[in-house]
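Structural features, examined
Given next are the chains, with one letter for each unit.
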Amino acid sequence: LQKELMNDYSYQVDAPGMNMNAGLPGADSQYDFGHVHGRPPPSAYMQRTAAAGAGRMSAAPQSRGGFGSRAGLETAGRPMTSNRSAGYTSAPKTGAGGRAVFDPMGQGDAGGKAAKPLEKKAELSPEEKLREMEKDIHRLVEESATTRERGNHREALEKAKEVGKKERQLCRMREQQSLLDQLNVDLTYAVCLNLAIQHEANDNDNEALTIYTQIVKNKQYPFSGRFRVNMGNIYFKQEKWTAAIKMYRMALDQIPNNVQAIRFKIMRNIGNCFFKMHQFTDAIDSYENLLMHGAQHLDFMTGFNLILCYYGLSDSDKMKSGFLKLLNIEQVGLEDFDEDDEMEAPSGGNETAKSLTEGDDALREDVKRRQREAARFIVSAANLIAPELENTPVAGFDWVIDSLNHNGFPRIGSEMEIAKASYFLRRKDFDNAITVLKKFEKKEPSLMACAATNLSFLYFLEADHGSAERYADIAVKADRYNARALVNRGNCMFMNDEFERAKEVYLEAIGVSADCLEAIYNLGLVNMHIGKYQEALLAFDKLHSITHVNCEVMWQLGDIHEKLGNHEKAHEWFSLLITSPKGRPTDPGVLARLANLFNRVGDETQAFHYHLESYRYWPVDMNVVTWLGIYYVKQEMYENAIPFFNRAGQIEPKEVKWRLMVASCYRRMGSHAQALKMYEDIHRKHPNDIECVRYLITLCKEMRQPYEEYAAQLRRLERAQEQATGGDT
């Protein structure tokens, strides 16, 4: 190689009367300056200044020691000043028209001649041609590797094969020219290794194994035994665990003890093979080798695999210790664990470019990627072992959350709190679930997004629609395809009377998840509110075909048919609602609706029956109470009507008409004294009620009692009413 470098850079200059290379083997050089006699060729400027004639100051650079002046160029001796060397003279240079011009380099002179062109390089020697071929092979190897990194494995393999052909051709040419001593073994090694890697990338496992075998058996390559790791990886991909373990152990024997990082990675691969074979004890032995030297070589993948082995053996104590070791792993670049980026996953293939445009370099992007990978292993391990650590799953979740918070992973601890809330929800323990989820109210937005969907629904139930909409927006922003988050957003719009926008959101939720029952039900409701009963009917029919027997759906179907005038279909749905096995026979609302349907068709007997049943289950419905009271009055059963009017007065104590109706019932029953007493009590409490005064005057006349005072009050109230009416007009 040293000889080649000397030949490659054999520059020479022959001075007059001196042959520096005489008798030397390298005299025939690539660069020949034999045509130069005495001095280098003059520059373009010096030629122009020489042609300018006498009287001009030479600008040729001279040192104080002096090389002398050029022949034929008259110039004064160089003064110890700076202006002469820069081209300045005392006599100004004049141009056309006698005007002075500044031209220190003589570029305006027409007498200057162009520099002599460089001579073409002589034809390459055979050795130089071979070296050029080596350079081409190096370039193609690099191009093949670069193409593979870009993901174009097929093209990379084709280039690797082309490189192999050229390398063999190079060897044959050197053999033909008896230059075997210049064979580049390292180049052959690189070409074969690149070809094997490209075959492996293209899943040509047999070809790759053949080339790797040739490499590792060649004693000229001192470190080729390490590539048994690649062979083990191929066997691992082929699920040949025993052969993979053999290759890994043979590679481990080739690695010196001072290269601990590579040795521990090979041990990790051996442990992975044992884990695949369900030999957890042997896998644990391989993984625990990485705990040596303070576990400085333990990575998150190995720590997670070790926890899996402990989990397979149901060893809770080892699971705890393994989880703590996983949390205490220190890797280069992860000292400052980024809480903002640890749980974020790449959104697509342009994630790296996007981050780089935002100001992150490639190193920072790699650190973020490793942070996300570490967080993924920690979260998976925590979710796996939490229900198995303690006597109760809740205690296990608490231990995991405390460990995460104490070891600097509060965000993952928050995610485990959500997992704990999900555990409560799966077991119908809603109070504890709400308590856990509400802890996220005071946390930063990045953590609130994890529980935003559940929190939005909880706030909606509490009628805090502003907070519900805010959390729904956070949930939708975090996951655009979250159907339940979209339903929560639509519900908030519905409560804000934004029915058209709510309808669009519900349709979007159905597009995301076609079987989202909440979105279909709410779509029917919003269509009813905007008067599109046919669309609402379609939505509820679809929902009924999915749920079959759902009381809310049957109620809505009956209500829509009644509003459309289909009383028979409405009666059918409401009757099905109270008679089906999973129906609601004691629902007062359904009973009242059936009573109204019978009343519309003139069947007062059935209407009275269902109204009375509704009153029995819900005695505060004013419509039912009023209908029953009026029904008894129509039947002249005043004594039975009084309890219903009294109940109406209790429900609406500020409404005078219910007490007047009770007094009217007493009067029609002939209980004038009781009626007079009630009218007087009403008049004291409501002295400006004209109806009460009129009833008092009528009752006093019937009882032959003085009524002049009431008559005067009536005239005063009527005049005041007329004045108020006139003032309004």
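Only a predicted model underlies this, so the values are computations on that prediction, with no experimental measurement involved.

A word on the overall build of the protein
The number of helices and strands found in the protein is 35 helices and zero strands. Once local pairs closer than 6 in sequence are excluded, the contacts in the protein between residues at least 24 apart make up 48%. Accessible area for the protein stands at about 42900 Å²; split by element, carbon and sulfur atoms hold 51% of it.

Considerations on the packing of aromatic side chains
Inspection of every chain in the model, using the stated rule, returns 19 aromatic pairs. Judged by centre distance (5.6 Å) and plane angle (40°), the ring pair of Phe304 and Phe377 falls under tilted. Of the two residues, Phe304 sits in helix α12 (residues 300-312) while Phe377 sits in helix α15 (residues 362-389), which places them 73 residues apart along the sequence. Centroid distance Trp627 to Tyr631: 5.2 Å. Interplanar angle 10°. Geometry classified as stacked.

Section: the pattern of salt bridges
A complete count under the given rule lists 32 salt bridges for this structure. A salt bridge links Asp559 to Lys563; the shortest N-O distance between them is 3.3 Å. Linking Asp559 with Lys563, this pair stays in helix α26 (residues 551-563), spanning four residues, or about one helical turn. Taking relative accessible area as the criterion, Lys563 reaches 45% and is therefore assigned partly exposed.

Some details on the confidence of the model for the protein
Low pLDDT means the predicted coordinates in that region are not meant to be read closely. In the predicted model, the protein carries a mean pLDDT of 78, and the fraction of residues at 70 or more is 77%. Confidence drops under pLDDT 50 across residues 44-76; counting only partners more than four residues distant or on other chains, this segment forms 42 contacts.

Topic: the packing of helix α33 (residues 672-685) against helix α34 (residues 690-702)
With their axes 10 Å apart at the nearest point, α33 and α34 run at an angle of 150° to one another. In terms of orientation, α33 lies roughly antiparallel with respect to α34. In terms of crossing hand, the pair formed by α33 and α34 is left-handed. When α33 is examined against α34, the residues His672, Ala675, Leu676, Tyr679, Glu680, Ile682 and His683 are found in contact with a partner set consisting of Cys692, Val693, Tyr695, Leu696, Leu699, Cys700 and Glu702. Class assignment for the residues of the contact of α33 with α34 results in ten nonpolar, two polar and two charged.

Describing the side chain of Lys159
Here Lys159 shows up in helix α4 (residues 153-176). For Lys159, a relative accessible area of 18% translates into the label buried. With sequence-adjacent residues up to four places away left out, Lys159 is seen in contact with Glu143, Ser144 and Thr147.

Considerations on helix α29 (residues 604-617)
Taking 1.5 Å of rise per residue, 14 residues should cover 20 Å, and α29 covers 20 Å from first to last C-alpha, within 8% of that figure. Within α29 the residues assigned to the buried category are Ala607, Phe608, Tyr610, His611, Ser614 and Tyr615. Check the buried side of α29 and you find it contacts α27 (567-579), α28 (588-600), α30 (622-634) and α31 (638-651).

Points about the environment of Leu507
Secondary-structure assignment places Leu507 in helix α23 (residues 499-512). Between the alpha carbons of Leu507 and Leu523 there is a distance of 7.4 Å; along the sequence they are 16 residues apart.

Conventions and cut-offs
Residues numbered from 1 in each chain as written. Predicted model: local features only at pLDDT ≥ 70, side-chain atom pairs only at ≥ 80, totals over all residues. Heavy atoms only, no water. Helix = DSSP H or I, 4+ residues; strand = E, 2+ residues; numbered from the N terminus. Contact = heavy atoms within 4.5 Å. Areas by Shrake-Rupley, 256 points an atom, 1.4 Å probe, with all protein chains shown as cover. Phe/Tyr/Trp six-rings, centres within 6.5 Å; stacked < 30°, edge-to-face > 60°. Salt bridge = Lys/Arg side-chain N within 4 Å of Asp/Glu carboxyl O. Buried < 20%, exposed > 50% of the residue type's maximum accessible area, 1.4 Å probe, protein only. pLDDT = per-residue confidence, 0-100. Axes fitted to C-alpha atoms, helices over the stretch in contact; angles between N-to-C directions. Parallel < 35°, antiparallel > 145°, perpendicular 65-115°, else oblique. Left-handed = near helix turned anticlockwise from the far one by under 90°. Nonpolar A, V, L, I, M, F, W, Y, C, P; charged D, E, K, R; others polar. Expected span 1.5 Å × (residues − 1).

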